[in-house]
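# Architecture and fold: a report
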Amino acid sequence: MSRTLTYREALREGLDEELARDPNVVIMGEEVAQYNGAYKVTEGLWKKWGDKRVVDTPISEAGFIGMGIGASMLGVRPVMELMFWSFHSVAFDQLVNNAACVRYMSGGLCHCPIVVRGPANGGTNVGATHSHIPEGLFAAFPGLKVCAPATPADVKGLIKAAIRDNDPVYVMENTLLYGNSGEVPDPADGDHVVPLGVADVKREGSDISLIAHGRSVLHALKAAETLQDEHGIHAEVLDLRSIRPLDVEAIVKTVKKTNRVVLIDESKPFGGVAAMVTTIIMENAFDHLDAPVQRVCSIDAPAIYSPHIENEQLPSPRRIIEKVLKMA
């Protein structure tokens, strides 16, 4: 059995279930309690769980992320909300130097089971300083895990897996997905957990593979539908879901199946997730390629404030289709 929930509702349900399952789980961040969260993800949780489990913090990312890391080393499992992942830069030392390194530098004696979550996307016309997509940046640091859920079912399953993980997990959401609806398994049917590091084929195909994560998965699915209806091209859509660890086996499998690949990645092209996936394909499936790997990323400039121009800057079904047709 499943129910239709929005992305926001599914995420909230996952948080609520983990608060009930483990008394060490706490939620912290700016306006997550009485105000119900800047994006209403935590709506009702403070009223249900109280001041000690859902905690408002000062407007200081360096301060409350550092506090959460320290708490996690002492047995708490904090879920920290960033109002924008763009604000990571003021807490970079905590997020990278501390969280990523403590387990290694302590010889495995100290764990850092912290989750940091919040929006990491463009497309909302809030300017360059509020529109960063840093999953590739954080995935570059050993010790960190990163995921970017695209659907309500996946965001619920991945947030639960992230909270239970003994390493720092950074969950990159997209504000444009919060209102999207989808089928989510009913809690009565069992614990819905999506393992980190496992990709998912969202659409079967035989002619070309579209590999994406986050909101770009929806663009890929829309493009695949048009390619089949208007051009007779059957595209497979692979949702990475987890950026680190990456599901190398699933990536190689889809390449061997279709022999052509377009990678869709909302981050910038230089050193992004798509660049890493391209390397994986070249190292593990080069002989199976019938054409060079292609990418559809955000145009390489700071996020543009103008709505019409920003829409052109980001990946879209039209840009994906144009790229595929050039490969045909």
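About the cut-offs
Counting restarts for each chain: residues are numbered from 1 in the order of the written sequence. Two thresholds apply to this predicted model, a pLDDT of at least 70 for residue-level local features and 80 or more for giving and counting side-chain atom pairs, whereas whole-chain, interface and lining totals are computed over all residues. With hydrogens and water excluded, all non-hydrogen atoms of the structure serve as input to the side-chain values. In this analysis an axis means a line fitted to C-alpha atoms, helices contributing only their contacting stretch, and an angle means the value between N-to-C directions, from 0 to 180 degrees. Secondary structure elements are defined from DSSP: runs of H or I of at least 4 residues count as helices, runs of E of at least 2 residues count as strands, and each element is numbered from the N terminus. For this classification, under 35 degrees means roughly parallel, over 145 means roughly antiparallel, 65 to 115 means roughly perpendicular, and everything else is oblique. For any pair of crossing helices, the crossing counts as left-handed if the nearer helix is rotated counterclockwise from the farther one by less than a right angle, and right-handed if it is rotated clockwise. Contacts were defined at the residue level, with two residues in contact if any of their heavy atoms lie within 4.5 Å. Residues are grouped as follows: Ala, Val, Leu, Ile, Met, Phe, Trp, Tyr, Cys and Pro are nonpolar; Asp, Glu, Lys and Arg are charged; every other residue, Gly included, is polar. In protein, a polar contact means a hydrogen-donor-capable atom and an acceptor-capable atom, both N or O and within 3.5 Å, with residues adjacent in sequence counting only if both atoms are side-chain atoms; elsewhere, any N or O pair within 3.5 Å suffices. Aromatic rings from Phe, Tyr and Trp, with only the six-membered ring used for Trp, were paired whenever their centres fell within 6.5 Å, and each pair was classed as stacked if the ring planes differed by under 30 degrees, edge-to-face if by over 60, and tilted otherwise. The buried label goes to any residue with under 20% of its type's maximum accessible area, the exposed label to any with over 50%, and the partly exposed label to all in between, with areas taken from a 1.4 Å probe on protein chains only. Any two strands with at least two DSSP-identified bridges between them are counted as paired. When the strands point away from the viewer, a crossover counts as right-handed if the path from the first strand over the helix to the second runs clockwise.

### Examining the packing of helix H1 (residues 7-21) against helix H7 (residues 152-164)
Think of two packed helices as two axes; the pair is described by the angle between the axes and how far apart they sit. It is at 8 Å that the axes of H1 and H7 come closest, and there the two elements cross at 30°. Accordingly, the angle class assigned to the pair H1 and H7 is roughly parallel. When the axes of H1 and H7 are compared, the crossing they make is right-handed. Contacts between H1 and H7 involve Tyr7, Ala10, Leu11, Glu13, Gly14, Leu15, Glu17, Glu18 and Arg21 from the first element and Pro152, Val155, Lys156, Ile159, Lys160, Ile163 and Arg164 from the second. Taken together, the residues that form the contact of H1 with H7 break down as eight nonpolar, one polar and seven charged.

### Things to note about the side chain of Ser86
Along the polypeptide, Ser86 turns up in the loop between strand S4 (77-81) and helix H4 (92-98). In terms of polar contacts, Ser86 uses its side chain to reach the backbone amide nitrogen of Ser131, at 3.1 Å. Ser86 has contacts with Thr129, His130, Ser131 and His132, leaving out every residue within four places of it along the chain.

### Focus on the packing of aromatic side chains
Here the structure, examined in full by the defined rule, presents nine aromatic pairs. Here Tyr39 and Phe84 contribute two aromatic rings whose centre-to-centre distance is 6.3 Å and whose plane-to-plane angle is 85°, an arrangement assigned as edge-to-face. Residue Tyr39 is located in the loop between strand S2 (25-29) and helix H2 (45-49), and its partner Phe84 is located in the loop between S4 and H4; the two are separated by 45 residues in the primary sequence. On the basis of relative accessibility, which here comes to 18%, the residue Tyr39 falls in the buried class. Taking the relative accessible area as the measure of exposure, Phe84 reaches 16% and is therefore buried. An angle of 40° between the planes, with centres 5.6 Å apart, marks the rings of Tyr39 and Tyr178 as tilted. With a gap of 139 residues between them, Tyr39 in the loop between S2 and H2 and Tyr178 in the loop between strand S7 (169-173) and strand S8 (181-185) connect regions that are remote in the sequence.

### A word on the pairing of strand S14 (residues 294-297)
Where strand S13 (residues 261-265) and S14 come together, four bridges link them in parallel fashion. Bridging from a neighbouring strand, Val262 pairs with Gln294 of S14. Note on the crossover from S13 through helix H10 (residues 273-285) to S14: the handedness is right-handed.

### What to know about helix H12 (residues 317-327)
Given 3.6 residues per helical turn, the α-helix brings residues three or four places apart onto the same face. Within the span of H12, buried status applies to Arg319, Ile320, Ile321, Val324 and Met327. Turning to H12, the residues buried within the fold contact strand S10 (208-212), helix H8 (216-231), S13, S14 and helix H11 (307-313).

### Points about unusual backbone geometry
Geometrically, the link from Arg244 to Pro245 is a cis peptide bond, its omega value of 5° lying close to zero. Position of Pro245 among the secondary structure elements: in the loop between strand S12 (242-244) and helix H9 (248-258). The phi dihedral of Asn125 is positive, around 60°, even though this residue is not glycine. Looking at the element boundaries, Asn125 is found in the loop between strand S5 (115-119) and helix H6 (135-139). If you check the backbone angles, Arg241 has positive phi at about 60° while not being a glycine. Among the structural elements, Arg241 can be located in the loop between strand S11 (235-239) and S12. Residue classification places Arg241 among the buried residues on the basis of a relative accessible area of 8%.

### What to know about the pairing of S4
Among the five residues that make up S4, five are buried, leaving the element largely enclosed by the rest of the structure. Of the two faces of S4, the one lined by Arg77, Val79 and Glu81 and the one lined by Pro78 and Met80 are each fully buried. In this structure, S2 lies alongside S4, joined through five bridges in parallel fashion. Bridging from a neighbouring strand, Val25 pairs with Arg77 of S4. As paired elements, S4 and S5 share three bridges and run parallel to each other. Counterpart to Val79 in the pairing with S5 is Val115.

### Brief notes about the sheet that holds strand S6 (residues 145-147)
Taken together, seven strands build an open sheet; the order of strands is S3-S2-S4-S5-S7-S6-S12 and the sheet is mixed. The sheet terminates laterally at strand S3 (54-56) and S12, the two strands that pair on one side only. For this sheet, the mean angle separating the axes of adjacent strands, direction not counted, is 20°. Relative to S3, S2 runs parallel, the two sharing three bridges. Residue Met28 lies in a different strand from S3, and its bridge partner there is Val55. The strands touched by H1 within the sheet are S2, S4, S5 and S7, with S2 carrying the most contacts at an inclination of about 130°.

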